[in-house]
Amino acid sequence: MLSIGLLGAGVVGSGVKRILEEKFSEQVCIRKILVRSDREKLAENYTTDPYEVLDDEEISVIIEAMGGIHPAYDYVSYALSHHKNVISANKKMLANCYDELMETARSNHTTLRYEAACGGGIPLFHNISRLQRSDTISSVKGILNGTCNYILSEMSTGLSFEEALQNAQKLGYAEADPSDDICGYDTQNKLSLLCADVFHTRLKPEEIPLFGIDRISEVDSEIARGSSRLIKLVASASRTENGIEAFVMPVFVPWEDSFASISGNFNILRLESDYLGRFEMTAQGAGSLPTADAIVQDLMDIHHTADRVFEKGITDLNTNRYRFYINTSNPEVFTDITKHNLITVKVTLQTLIDKIKEANDPDIFVALYEGDYD
Ligand code: HSE
């Protein structure tokens, strides 16, 4: 059994607790949870004393989900120098204290992992380090703040900036101080971390030019719409002949660009590398469970506790329903499920398979038809 200590039981910490309890109760025990006040103490293992967690000899991994630079930095630093591996989601602390924390981990032979600190649920650092074994990444570009992306998506459907921000706060996407999101500091911190991993270059957050979305108006969104574009807050870094060009800035993205389809709290990261070429990853970038999922992935990477058990497969073709495109010389068989010409109403795969058998047409062509059909 692996014993862990959890620092913080807010949006992210409670997500970690839920996943570990639901999926890993046999392998992982949350021995102590640090909370801010006595009011949050819900059970025996909750404490307001950080050293009850940090000095617990049974605990080998600390998960830091507190946010802010201090006291998080002090606790993480203490843990790393006291034989504990640390997983942190705290981009602000990591981006601002990267060198010190990495040196503390290195000199104490401990590990500091931070998949959840950038891109939420996207396994981006994992994929970057795999790719770098054989390839060289020349640029990264991403939508890395779920709150801003949510606000911009909502504004493009007519909601005001203030209403959209309030919703993002209710949904648990925004930072404790939401100006970190809307002024772009959060994205700047994330890009600083990316530059360290991708280019092995330490760019401090304040060295990255920053333009936020805090001054955007509905008129700006309308102008973007009028030119078949959407405004997105984009982080970009690339190698030039002289160094690294990095910036965070709202971008008018053409509708046909994949960035334009990233809506709500989703993030995306696009890499360009010498051999693989363009590579994009997308997932929810903010919110309790997607962020917690990235933390749990780090935990599993540190301790391969779970042996894979394969269950006997049960095929289920009768639950999900889809629209299908059908091109056949025997269309009569499909008339009861075909509403518009060649496109079916939503049916299960089993229904489709049965109909195909009945049609007995060796030249039939079928495809899954995604998106709306009017
Ligand atoms: N406030 C951050 C965001 C949380 O909206 O992206 C995830 O890092």
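Further up the page is the structure itself.
Note that the structure is predicted; figures quoted are calculated from it, not measured.

Q: How do you make sense of the sheet that holds strand β8 (residues 229–240) when you look at a structure like this?
A: Pairing between the strands of a sheet comes from backbone hydrogen bonds, and it takes one of two forms, parallel or antiparallel. An order of β9-β8-β7-β10-β11 is seen for the five strands of this open sheet, with the pairing classed as antiparallel. The outermost strands of the open sheet, each flanked by one partner alone, are β9 (243–254) and β11 (277–284). Neighbour-to-neighbour, the strand axes of this sheet turn through a mean angle of 15°, independent of strand direction. Against the sheet, helix α10 (residues 185–199) engages β7 (137–143), β8, β9 and β10 (266–273), with an angle of about 35° to β8. Packing against the sheet, helix α11 (residues 218–226) makes contact with β8 and β9, and its axis sits at approximately 80° to β8.

Q: Is there a simple way to explain the pattern of salt bridges in this structure?
A: Any two side chains of opposite charge can pair, given that their charged atoms come close. All told, the structure shown has 17 salt bridges when counted by the stated rule. Close ionic contact of Lys 91 with Asp 186 constitutes a salt bridge, the shortest N to O distance being 2.9 Å. Residue Lys 91 is located in helix α4 (residues 91–96), and its partner Asp 186 is located in helix α10; the two are separated by 95 residues in the primary sequence. Taking the relative accessible area as the measure of exposure, Lys 91 reaches 13% and is therefore buried.

Q: I would appreciate a short explanation of the packing of aromatic side chains in the present structure.
A: What describes a pair of aromatic rings is the distance from one ring centre to the other and the angle between the planes of the rings. Counting across every chain of the model gives seven aromatic pairs. Aromatic pair Tyr 51 and Tyr 78: ring centres 5.0 Å apart, planes at 80°, arrangement edge-to-face. With Tyr 51 in helix α2 (residues 50–54) and Tyr 78 in helix α3 (residues 72–80), this residue pair connects regions lying 27 residues apart in the sequence. Its relative accessible area of 36% is what places Tyr 51 among the partly exposed residues.

Q: Can you help me understand the side chain of Asn 330 in this one?
A: Tracing the sequence through the fold places Asn 330 in the loop between β13 (324–327) and β14 (338–340). Reaching out from Asn 330, the side chain makes a polar contact with the backbone oxygen of Ala 359 at a distance of 2.9 Å. Leaving out residues up to four positions away in the same chain, Asn 330 has contacts with Ala 359 and Asp 361.

Q: Please explain the pairing of β9 as it appears in this structure.
A: For a regular strand, side chains alternate in direction, first toward one face of the sheet and then toward the other. As defined by bridge partners, β8 adjoins β9 across twelve bridges and the pair is classed as antiparallel. When the bridges of β9 are listed, Ser 238 appears paired with Glu 245.

Q: I'm lost on helix α12 (residues 288–302) in this one. Help?
A: Within an α-helix, residues lying three or four positions from one another point in the same direction, as the helix has 3.6 residues per turn. Between its first and last C-alpha, α12 extends 21 Å over 15 residues, near the 21 Å set by a 1.5 Å rise per residue. Turning to α12, its buried residues number three or more, namely Pro 290, Thr 291, Ala 292, Ala 294, Ile 295, Val 296, Asp 298, Leu 299 and Met 300.

Q: Sorry, what's going on with the sheet that holds strand β4 (residues 61–64) here?
A: Strand order in this open sheet of six strands is β3-β2-β1-β4-β5-β6, and the pairing throughout is parallel. The open sheet is flanked by β3 (46–47) and β6 (112–113), the only strands paired with a single partner. Bridge count between strand β1 (residues 2–7) and strand β2 (residues 28–34): six bridges; the pairing is parallel. Note on β2: the bridge partner recorded for Leu 2 is Val 28.

Q: Where do I start with the site of the ligand in this structure?
A: Taken together, 13 residues lie near the ligand, and Lys 91, Thr 147, Tyr 173, Glu 175 and Asp 181 sit nearest. Here Lys 91 contributes a side-chain N or O atom positioned 2.6 Å from an oxygen atom of the ligand. One nitrogen or oxygen atom from the main chain of Gly 146 is found 2.8 Å from an oxygen atom belonging to the ligand. Of the residues belonging to the shell around the ligand, the class tally is four nonpolar, four polar and five charged.

Q: How should I be thinking about the side chain of Asp 197 in this particular structure?
A: Mapped onto the elements, Asp 197 comes out in helix α10. Buried within the structure, Asp 197 lacks any salt-bridge partner; its nearest side chain of opposite charge belongs to Arg 113, at an N-O separation of 8.9 Å. With near-sequence residues (within four places) excluded, Asp 197 lies in contact with Tyr 98, Tyr 114, Phe 125, Ile 128 and Gln 132.

Conventions used here
Residues numbered from 1 in each chain as written. Predicted model: local features only at pLDDT ≥ 70, side-chain atom pairs only at ≥ 80, totals over all residues. Heavy atoms only, no water. Pairing = 2+ DSSP bridges. Helix = DSSP H or I, 4+ residues; strand = E, 2+ residues; numbered from the N terminus. Axes fitted to C-alpha atoms, helices over the stretch in contact; angles between N-to-C directions. Contact = heavy atoms within 4.5 Å. Salt bridge = Lys/Arg side-chain N within 4 Å of Asp/Glu carboxyl O. Buried < 20%, exposed > 50% of the residue type's maximum accessible area, 1.4 Å probe, protein only. Phe/Tyr/Trp six-rings, centres within 6.5 Å; stacked < 30°, edge-to-face > 60°. Polar contact = N/O pair within 3.5 Å; in protein donor to acceptor, adjacent residues only side chain to side chain. Expected span 1.5 Å × (residues − 1). Near = heavy atom within 4 Å. Nonpolar A, V, L, I, M, F, W, Y, C, P; charged D, E, K, R; others polar. Lys, Arg positive; Asp, Glu negative; His and termini not counted.

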